[in-house]
Amino acid sequence: MNFLRGVMGGPSAGPQPSGAETIQKLCDRVASSTLLDDRRDAVRALKSLSKKYRLEVGIQAMEHLIHVLQTDRSDSEIIGYALDTLYNVISNDLEEEEQEENLPKQVDDLGSQFTEIFIKQQENVTLLLTLVEEFDFHVRWPGVKLLTSLLKQQGPQVQQIILVSPMGVSRLMDLLADSREVIRNDGVLLLQQLTKSNAAIQKIVAFENAFERLLDIVTEEGNSDGGIVVEDCLLLLQNLLKNNNSNQNFFKEGSYIQRMKPWFEVGDDNCGWSAQKVTNLHLMLQLVRVLVSPTNPPGATSSCQKAMFHCGLLQQLCTILMATGVPADILTETINTVSEVIRGCQMNQDYFASVNAPSNPPRPAIVVLLMSMVNERQPFVLRCAVLYCFQCFLYKNQKGQGEIVSTLLPSTIDATGNSVSAGQLLCGGLFSTDSLSNWCAAVALAHALQENATLKEQLLRVQLATSIGNPPVSLLQQCTNILSQGSKVQTRVGLLMLLCTWLSNCSIAVTHFLHNPANIPFLTGQIAENLGEEEQLVQGLCALLLGISIYYNDNSLENYRKEKLKQLIEKRIGRENFIEKLGFISKHELYSRAAQKPQPSFSSPDHMMFDHEFTKLVKELEGVISKAIYKSSEEDKKEEEVKKTLEQHDNIVTHYKKVIREQDQELEELKQRINTLTSQNEQLQATVTQQVSQIQQHKDQYNLLKVQLGKDAQHHNSHSETFQMNGIQMEEASKLKEELEEWKNKHELLQGQLREKDSVIEKLKSSQLEMGTTEQSLQTSKSGGLEHNNELQKELEMLRSQIQLQSAEISKLQIENQKLQVMNTTADPVLGDSGAAAANNSELEGRLEQEVKELKSEVKALSEEKESLKQHLDSSSSTVAILQDEKSKLQQEVAESKKEQDDLLVLLADQDQKLSALKIKLKDLGVPVEDEDDIESGDQGDEDEDGDEEEQD
């Protein structure tokens, strides 16, 4: 009956088994069942009981579940159940209805204890990593969740195991590429836990292309408008980049900063932002701050700042800064982000100074932000952010400091009062009734004077109108007046910090301060009194200000020389007491907080006491002032002398540095001039050599012409005498002379051309002989070229014979000319008949004209033959070039064919070796193999038989 009740679902009569007993039976089934279905059902039952009986399942079933993971990997269903069961046991994420008030601590202990048991065997984590590689959803998803839970419970230990396992991190990176969003999103959560506080894993994940994948996911999800997945990706990016210089550099060099710009695109209507969008944008701004954090190396921060400016990210942040309707916390974080993007970067600071708010008339963004800082109705966090932004704008920015201080100087103040300047806002905040505004304005003004002695001196010129009818008071005097009136502690601390910054390293400011006779008695009175704990901070700052007045005193005022001030301290306060009060500053809790980081972060306005830069000044001056108080007058004199000598040495060194710098510049200029002069000299030498050669050529030509002119002059004299004697006119004789000279010149030109042709022919012959006989085709082409050259030689010989004939005719003319001269000299001028002389002259002129015409026709024929010879030479040179090209091509073909033959010979040798090796193997195996000689003899016998048959046929 009990069996039937159990089957039918009715109540059993016997006692119900407890949860532990049921779990024990299920564990026995998992361990002992041979059928996979039975084991699967048992694991499914353990999974259903694992949330309610977490402790029992964890103690009894963990070993069996791990065994299932190792042995039943072929069945994805049972693996999924086992992973889910282990996740329920190890994870502390209980259902809401199951949580009770007295359980959380015990639950945390259970999760970490079970995790410790699981990871005791490192093979379990390695097994889990291999299961996460499975594509099956029912295996991969629970595996990811279980691994995430293990990392939450025992992060460093699990990280170390994954780090040493082969390709452990790379396997997990594949989760980001999974097409199923559930697995991908849980993979992001897993990587969040994996990368916490482990630089080695962070680097591996970054170099596994994590930045690219995460930014793709953020873009796919809609950037800041995306859901919680975007938030998870941004948290993972923060883990990878925060305090990891290597990953930051990789992020910058990979041009991923440029991909951040679309995140900060906001519209005109910024009302009604969802809580998720505010969270996403907040994390995005924090990610930008991670890259430009002041705690990063200066070089890395500077390069990221420049990249943000060049890609337009800073401009986009300034747009959000000046936009309307942006939530207050986003605006505050944007101000902090802009602050760190411009901090110490001159280019970004200059751009920020040029940003104007969209108002009418437009005002600079700095002025608008300062208006928010000195407005007591604004939120405290926002005012702190504006102060930080102003400090970052002035950090290492002397140009910006000068612009702020210039708005306070009398010459630059706007007399019309239409626009409010930054200086006016700072003075208004400095003397307002709100102590927080006093403190912020004092600190902001102190940053405008930081490490700038020139501006400290200029600020002494600032005059303030206190009330109508009273004379104006200097800014320094007004600060000391408010200080002596006993205002709030925060106001006095701010003013004292301003005065300490102002007077440090500025002797003129110290002299102006000491010139007021009420200041030193006030300071000594404050230090000497025994006040409560709140006033101890003010006493310490008063001691610091008095110490600065001693240390930077130039003894220009007789009543307030260093020695007298030290005597006053010893009489009124006591040196030990003074040093003790000075030590109150560095011992204060708020001082140590402010010294940690540049950003002013205070939990409440009351804690706003110290500035980060001022803590550096205190650290620098505290020890120096302590030593200065105990020094005697003689030591002071020695120190002053040493300072003077050092200053003199410094002046001498700077003078010599200046001289050396000038000499270096002169040397560089002289070197450049030497280089230019040497180049000019080389050019001139080249031109001189060219001109010398040209002059030599001209000299040679001149000598030749001189010789020719001498001969021509002799002929001219003889001809003139004969022509005068015979009555011939001078003009006709000069014409004949010119024609003879022309013929001589033409004769010489033709002989030079003949020489050139001879040299060309000789060159062609030598080139024809050098070309050799490589192939038959080349020889035939060359023989054609030689025949052509023979023809050219024949033509040249004909040309020479013609020229010889021409020279013979010229010589005949010269002989006849001489005969005429002889005849004219021997003939008697009185007996000569004029008619006969005229007949002889006319006959002579006719013969000369006829011969000149013949010579002209011969010259014309020679020029035509010369042109034809030139054409023949050009054609022969082209044929020679073609033959040379063909020769080179043929040589290349021969070389290629030789190379191919060598390759074939090598292949044949390899084949012969292989064949011989195979034949040896076959002979070893007992297979009959014919040798090559036998085969060749057999082939020859076959050929002989075939030959005999053919003969018979």
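Residues numbered from 1 in each chain as written. Predicted model: local features only at pLDDT ≥ 70, side-chain atom pairs only at ≥ 80, totals over all residues. Heavy atoms only, no water.

### Thoughts on the overall build of the chain
Applicable threshold: Each helix is a run of DSSP H or I of at least 4 residues and each strand a run of E of at least 2, with the numbering of both proceeding from the N terminus. Whether a residue is buried, partly exposed or exposed follows from its accessible area with a 1.4 Å probe, protein chains only, as a fraction of its type maximum: under 20%, in between, or over 50%, in that order. Contact between two residues is taken to exist if any of their heavy atoms lie within 4.5 Å; hydrogens are not considered. Note on areas: Shrake-Rupley with a 1.4 Å probe; residue coverage comes only from the protein chains shown.
Across its full length, the chain carries 41 helices and 4 strands. Considering the chain as a whole, with its 953 residues, one finds that 40% of them fall into the buried category. For the chain, contacts bridging at least 24 residues in sequence account for 72% of all contacts bridging at least 6. Roughly 53400 Å² of accessible area belongs to the chain as shown, and the carbon and sulfur atoms make up 52% of that amount.

### Side note on the environment of Ser406
Let me state the cut-off plainly: Each polar contact in these results corresponds to two N or O atoms within 3.5 Å; when the atoms are within protein, one needs to be able to donate a hydrogen and the other to accept it, and residues that are neighboring in sequence are counted only if both atoms are side-chain atoms.
Residue placement: Ser406 occurs in helix α23 (residues 398-406). Take Ser406: its relative accessible area is 23%, and that puts it in the partly exposed class. Along the sequence, Ser406 and Leu459 sit 53 residues apart, while their C-alpha atoms lie 8.7 Å from each other. In terms of polar contacts, Ser406 uses its side chain to reach the backbone carbonyl oxygen of Glu403, at 2.6 Å.

### Brief notes about the packing of aromatic side chains
Filter applied, for reference: Pairing of aromatic rings covers Phe, Tyr and the six-membered ring of Trp, with a centre-to-centre limit of 6.5 Å; geometry is then stacked below 30 degrees between planes, edge-to-face above 60, and tilted otherwise. Criterion for a charge above a ring: Arg CZ or Lys NZ at most 6 Å from the ring centre, at most 35 degrees from the ring normal.
Here the structure, examined in full by the defined rule, presents 13 aromatic pairs. Arranged with centres 5.8 Å apart and planes meeting at 65 degrees, the rings of Phe309 and Tyr351 form a pair that is edge-to-face. On the criterion of sequence distance, the pair formed by Phe309 in helix α17 (residues 298-310) and Tyr351 in helix α20 (residues 346-354) is long-range, its members being 42 residues apart. Classification of Phe309 by relative accessible area gives buried; the value is 19%. On the numbers, 4.9 Å between centres and 85 degrees between planes, the contact of Tyr551 with Tyr552 is edge-to-face. Given a relative accessible area of 22%, Tyr551 falls into the partly exposed group. These aromatic residues form a ring-pair network of at least three members: Phe207, Phe211, Phe250, Phe251 and Tyr256. Here Lys145 stacks its cationic end above the ring of Trp141, 4.1 Å away from the centre of that ring. Arg343 extends its terminal NZ or CZ atom over the ring of Tyr395, reaching a point 3.8 Å from the ring centre.

### Concerning helix α9 (residues 155-164)
This is how it is decided: This arc is built from the directions going out from the helix axis to the C-beta atoms.
Along α9, the positions that sit buried rather than exposed are Gly155, Val158, Gln159, Ile161 and Ile162. Looking down the long axis of α9, one finds its buried residues gathered within 165 degrees of arc, a one-sided arrangement. Opposite the buried face of α9, by more than 90 degrees, sit the exposed residues Pro156 and Val164.

### Remarks on a negative patch on the surface
What counts, and what does not: Nonpolar side chains (Val, Leu, Ile, Met, Phe, Trp, Tyr) within 5 Å and like charges within 9 Å form the patches, drawn only from residues with over 30% relative accessible area and no salt bridge. The term salt bridge refers to a side-chain nitrogen of Lys or Arg lying within 4 Å of a carboxyl oxygen of Asp or Glu. For this count, His and the chain ends are skipped, Lys and Arg are scored as positive, and Asp and Glu as negative. Every charge is mapped to an atom, namely NZ of Lys, CZ of Arg, CG of Asp or CD of Glu.
Where like charges cluster on the molecular surface, the negative patch consists of Glu662, Asp664, Glu666, Glu668 and Glu669. Relative to the elements of secondary structure, Asp664 occurs in helix α37 (residues 633-726). Assessed through its relative accessible area of 41%, Asp664 is described here as partly exposed.

### Some details on the packing of helix α8 (residues 137-153) against helix α11 (residues 181-194)
The relative placement of two packed helices is expressed as an angle between their axes plus a distance between the axes. What counts here: Fitted lines through C-alpha atoms serve as axes, helices being fitted only where they are in contact, and the angles separating the N-to-C directions of these axes extend from 0 to 180 degrees. We call two directions roughly parallel when the angle between them is under 35 degrees, roughly antiparallel when it is over 145, roughly perpendicular when it lies between 65 and 115, and oblique otherwise. If you view the pair so one helix is near and one far, a crossing is left-handed when the near helix is turned anticlockwise from the far one by less than a right angle, and right-handed when it is turned clockwise. Throughout, the ten residues Ala, Val, Leu, Ile, Met, Phe, Trp, Tyr, Cys and Pro are labelled nonpolar, Asp, Glu, Lys and Arg are labelled charged, and all others, Gly among them, are labelled polar.
Where α8 contacts α11, the axes come no closer than 9 Å and their chain directions differ by 20 degrees. When the interaxial angle is binned, α8 and α11 end up roughly parallel. Judged by the twist between their axes, the crossing of α8 over α11 is left-handed. Seen from α8, the contacting residues are Phe137, Arg140, Trp141, Val144, Lys145, Leu147, Thr148, Leu151 and Lys152; seen from α11, they are Val182, Ile183, Asp186, Gly187, Leu189, Leu190, Gln193 and Leu194. Its residues assigned to classes, the contact of α8 with α11 shows 10 nonpolar, 3 polar and 4 charged.

### Quick word on the packing of helix α2 (residues 19-32) against helix α4 (residues 54-71)
Look at α2 against α4: their axes get within 10 Å of each other, and the N-to-C directions meet at 10 degrees. Between α2 and α4, the crossing angle belongs to the class labelled roughly parallel. Every residue of α4 that contacts α2 at Ala20, Ile23, Gln24, Cys27, Val30 and Ala31 is listed here: Glu56, Val57, Gln60, Ala61, His64 and Val68.

### Quick word on a nonpolar patch on the surface
Nonpolar side chains collect at one region of the surface, where Ile652, Tyr656 and Ile660 lie side by side and expose about 300 Å² of accessible area between them. With respect to the helices and strands, the residue Ile660 is situated in helix α37.

### Some words on the pattern of salt bridges
Using the criterion set out here, one finds 24 salt bridges in the structure. Between Glu134 and Arg73 there is a salt bridge, with its nearest N and O atoms 3.3 Å apart. With Glu134 in the loop between α7 (122-132) and α8 and Arg73 in the loop between α4 and α5 (76-90), this pair connects stretches of sequence that are 61 residues apart. In this structure, Asp225 and Lys277 form a salt bridge, with 3.2 Å as the shortest nitrogen-oxygen distance. Taken together, the residues Asp225 in the loop between α13 (210-220) and α14 (228-241) and Lys277 in helix α16 (residues 275-291) connect sequence positions 52 residues apart. Asp225 gets classed as exposed once you look at its relative accessible area, which sits at 57%. A relative accessible area of 16% places Lys277 in the buried class. In this structure, a network of salt bridges that share partners links the residues Asp37, Arg40, Asp41, Arg44, Asp75 and Glu77.

### Some details on the state of the cysteines
Test applied: We call a pair of cysteine sulfur atoms a disulfide when they lie within 2.5 Å.
Evaluation of the coordinates by the stated rule reveals 0 disulfides. Distance from the sulfur of Cys500, which forms no disulfide, to the nearest cysteine sulfur (Cys542) is 8.4 Å.

### Notes on the side chain of Arg289
Tracing the chain through its elements places Arg289 in helix α16. According to the relative accessible area criterion, Arg289 is buried, its value standing at 13%. Only 3.0 Å separates the side chain of Arg289 from the side chain of Glu340, close enough to count as a polar contact. Excluding residues within four positions of it along the chain, Arg289 makes contact with Glu333, Asn336, Thr337, Glu340, Tyr388 and Gln599.

### A look at the confidence of the model for the chain
Rules: pLDDT expresses how confident the predictor is about each individual residue, on a scale running from 0 to 100.
Per-residue confidence for the chain gives a mean pLDDT of 81; residues scoring 70 or more make up 78%. Between residues 95-102, whose pLDDT stays under 50, and residues either more than four places distant or in other chains, the model counts 3 contacts. Within the model, the stretch residues 722-729 combines pLDDT values under 50 with 11 contacts to residues more than four positions away or in other chains.

### A few points about unusual backbone geometry
With a phi close to 55 degrees, Asn223 is a non-glycine residue in the positive phi region. As for its position among the elements, Asn223 is in the loop between α13 and α14. Classification of Asn223 by relative accessible area gives buried; the value is 17%. Although it is not a glycine, Ser255 adopts a positive phi angle of roughly 60 degrees. Looking at where Ser255 falls in the secondary structure, it is placed in the loop between α15 (245-253) and α16. Residue Ser255 is classed as partly exposed on the basis of its relative accessible area, which comes to 38%.

### Comments concerning the environment of Phe390
Within the fold, Phe390 resides in helix α22 (residues 380-394). With relative accessibility at 3%, the residue Phe390 sits in the buried group. Counting along the chain gives 51 residues from Phe390 to Ser339, while the straight-line C-alpha distance between them is 7.6 Å. Not counting residues up to four positions away in its chain, the partners in contact with Phe390 are Ile366, Leu370, Ile404, Leu426 and Ala444.

### Overview of the environment of Ala61
Summarising the element assignment, Ala61 is placed in helix α4. On a C-alpha basis, the gap between Ala61 and Val30 in space is 9.0 Å, while along the polypeptide they are 31 residues apart. When neighbours within four sequence positions are excluded, Ala61 is seen to be in contact with Cys27, Leu46 and Glu56.

### Here's the deal with α8
For an α-helix, the turn length of 3.6 residues means that residues three or four places apart are oriented alike. The test is simple: Each helix should span, by expectation, one fewer than its residue count multiplied by 1.5 Å.
The end-to-end C-alpha distance of α8, which contains 17 residues, comes to 24 Å, matching closely the 24 Å that a straight helix rising 1.5 Å per residue would cover. At the N-terminal end of α8, a side-chain oxygen is found 3.1 Å from the backbone nitrogen of His138, two or three residues along, and the residue is Asp136.

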